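What follows is each chain in one-letter form.
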Amino acid sequence: MQVARVAELSRYEGEEVRIQGWLYNRRSSGKIAFLIVRDGSGFVQAVAVSNELDPETFKLCISIPQESSVVVDGRVRQDARAAGGYELLLTGIQLVSAAEEYPITLKEHGVDFLLDHRHLWIRGPRQHAALMVRHEVIAAAEGWLRSNGFIKVDAPILTPAACEGTSTLFETDYFGEKAYLSQSGQLYAEAAAMAFGRVYVFGPTFRAEKSKTRRHLIEFWMIEPEMAYADQEENMAVQEEFVSHIVRTCLENRRVELTLLGRDLSKLEAVKPPFPRITYDEAVEMLREQGFEFTWGDDFGAPHEVAICSGFDRPVFVTEYPTEAKAFYMQPKEGRPEVVKCADLLAPEGYGEIIGGSERIHDLALLEQRMEEHKLPRDSYAWYLDLRRYGSVPHSGFGLGIERTVAWITGSEHIREMIPFPRLLNRIYP
Ligand code: 4AD
Ligand code: MG
């Protein structure tokens, strides 16, 4: 018997195939049973008709417990109502392992219960769909970078110094020395850009943020391209191509999943370059016009970001933030040192910042001065300063948060379901 994957059933129309998977759900009424079988690639309905099967087989069909592992044989037929477009007319079934009473029933559960059972929850259709989109986002991002000449250079996770401020560091002991979990691979990406020109780092990053919001994870994944000889204009041009490619690829390859999640696809279809650009100053003006009291120099919070994006149908670059609100390494604007050459990219529909990026300071003296102002220990950054000593060039880069991007593309309310095993404030289980 031909073993097939649910996602590829269209190749087997009219044929009999074998699906190796698990029983997700069952409805039965007398002489007919509808088994929803999942195999990892998707979900398919297998229809078991009593008078077309031997009694043993039909009995199995109506008695196998939820989430048991099963091997199902059936004939593939088109069904316009099915999510994937196909269903199976069941011809045989084998029970591989009978499941005990499954804790996640098909009724509603509280979110704490579901998070405690995250190792099982990821089997469900919505979780599965969101994580398939995550997979697609990562593949599309890496694919685009690869075909545009970016070399992947991994950065260490255990680091001697902060990149994004000292207040959110996870400290650990490194054979008697202090070490920190990486907040960003950027500083290493900068070193690599001087060796390879266009590079990216991709890995888990850690922020000990005591914030419990829908948009913050303690551990999240970030993809960080860095380009030698690129200014902030080029940086933004790359970002809008990059993000548009990611969205387009999800629309092409994950339509089934996005539809299952109820995503309004027309909103995603609008995501094309160029993305609008507004300065921080203009954004502050907009906020004040909308009745916000806002002090110049402050960073935007979630309600501000929502208000700023409200008039736009695609991501918006907010540029030239106050120097005091941003990280130590950002290049000041010529003739106006109180703002830096940076941009945050805010996703539409209230999803907020998905990218932070900037041109980097390439002048040694200025970088040293900034590090002093930020009270950063010189010794830990000696190697980083070397990059400004030996062939320094203007360079720029950015970091895209994977889970924030997936939350936006899938139209999900909460970032915690955009990563297989979220680390949240006060949650490290499972
Ligand atoms: O703006 P951030 O802090 O920028 C950096 O880390 C730079 N070093 C990147 C660079 O230029 N190479 O973070 C970048 C992105 C944010 O826009 C957001 O998408 C995501 O990382 N992010 C988070 N995602 C989930 N939970 C958190 N706590 C996050 N903090 C940042
Ligand atoms: Mg940021």
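Above: the structure in question.
A brief look at the structure comes next.

Thresholds applied
- Residues numbered from 1 in each chain as written.
- Chains lettered and ligands numbered in written order.
- Predicted model: local features only at pLDDT ≥ 70, side-chain atom pairs only at ≥ 80, totals over all residues.
- Heavy atoms only, no water.
- Salt bridge = Lys/Arg side-chain N within 4 Å of Asp/Glu carboxyl O.
- Helix = DSSP H or I, 4+ residues; strand = E, 2+ residues; numbered from the N terminus.
- Buried < 20%, exposed > 50% of the residue type's maximum accessible area, 1.4 Å probe, protein only.
- Near = heavy atom within 4 Å.
- Polar contact = N/O pair within 3.5 Å; in protein donor to acceptor, adjacent residues only side chain to side chain.
- Areas by Shrake-Rupley, 256 points an atom, 1.4 Å probe, with all protein chains shown as cover.
- Nonpolar A, V, L, I, M, F, W, Y, C, P; charged D, E, K, R; others polar.
- Pairing = 2+ DSSP bridges.
- Contact = heavy atoms within 4.5 Å.
- Axes fitted to C-alpha atoms, helices over the stretch in contact; angles between N-to-C directions.
- 1 Å grid on protein atoms, 1.4 Å probe; cavity = no way out; pocket = protein on both sides within 12 Å on 5 of 7 lines; lining within 4 Å.
- Points joined across faces, edges and corners; volume = space filled by probe spheres on them.

Between side chains of opposite charge, a pair can form as their charged atoms come close. Applying the stated criterion across every chain, the model contains 33 salt bridges. Close ionic contact of arginine 81 with aspartate 79 constitutes a salt bridge, the shortest N to O distance being 3.1 Å. In this structure, glutamate 142 engages lysine 152 in a salt bridge whose closest nitrogen and oxygen atoms are separated by 3.5 Å. Residue glutamate 142 is located in helix 4 (residues 125–147), and its partner lysine 152 is located in strand 7 (residues 151–152); the two are separated by ten residues in the primary sequence. Residue classification places lysine 152 among the partly exposed positions, given a relative accessible area of 39%. Through salt bridges with shared partners, one network takes in Arg38, Glu67 and Arg123.

All right, on to the site of ligand 1 then. Taken together, 23 residues lie around ligand 1, and Glu164, Gln186, Glu209, Glu224 and Glu353 are the ones closest in. Between glutamate 353 and ligand 1, the recorded distance is 2.6 Å, taken from a side-chain N or O atom to an oxygen atom. Here ligand 1 loses 94% of its free accessible area of 630 Å² to cover by the protein chains. For the shell around ligand 1, the elements supplying multiple residues, two or more each, are strand 12 (219–228), strand 18 (352–359) and strand 19 (395–401). For the shell around ligand 1, a count of residues per class yields eight nonpolar, seven polar and eight charged.

Strands sit in the order 8-10-9 across an open sheet of three strands; the sheet is antiparallel. Only two strands of the sheet have a single neighbouring strand rather than two, namely strand 8 (158–159) and strand 9 (171–174).

The next thing to look at is the sheet that holds strand 14 (residues 316–319). The strand order 7-11-12-19-18-17-14-13 describes an open sheet built from eight strands, whose pairing is mixed. In the strand order of this sheet, the two ends are held by strand 7 and strand 13 (277–279), each with one partner. Taken together, the five bridges between strand 12 and strand 19 define a ladder with antiparallel strand orientation. Note that in strand 19 the partner of glutamate 226 across the bridge is glycine 397. This element, helix 5 (residues 186–196), spans strand 7, strand 11 (198–206), strand 12 and strand 19 of the sheet and lies at about 30° to strand 12.

Time to look at the environment of tyrosine 280. Structurally, tyrosine 280 is set in helix 9 (residues 280–289). Tyrosine 280 gets classed as buried once you look at its relative accessible area, which sits at 0%. Taking the C-alpha atoms as reference points, tyrosine 280 and threonine 319, 39 residues apart in sequence, are found 5.7 Å from one another. If sequence neighbours within four positions are ignored, tyrosine 280 has contacts with Phe294, Thr295, Trp296, Gly297, Asp298, Phe300, Val318, Thr319, Glu320, Tyr321 and Pro322. A polar side-chain atom of tyrosine 280 sits 2.6 Å from the main-chain carbonyl oxygen of aspartate 298.

This brings us to empty space enclosed by the protein. One pass over the full model with this rule turns up one cavity of 30 Å³ or more. Lining the largest cavity are Thr159, Pro160, Ala161, Ala162, Cys163, Ser182, Gln183, Ser184, Leu187, Tyr188, Ser380 and Trp383. The class makeup of the residues in the lining of the largest cavity is seven nonpolar, five polar and no charged.

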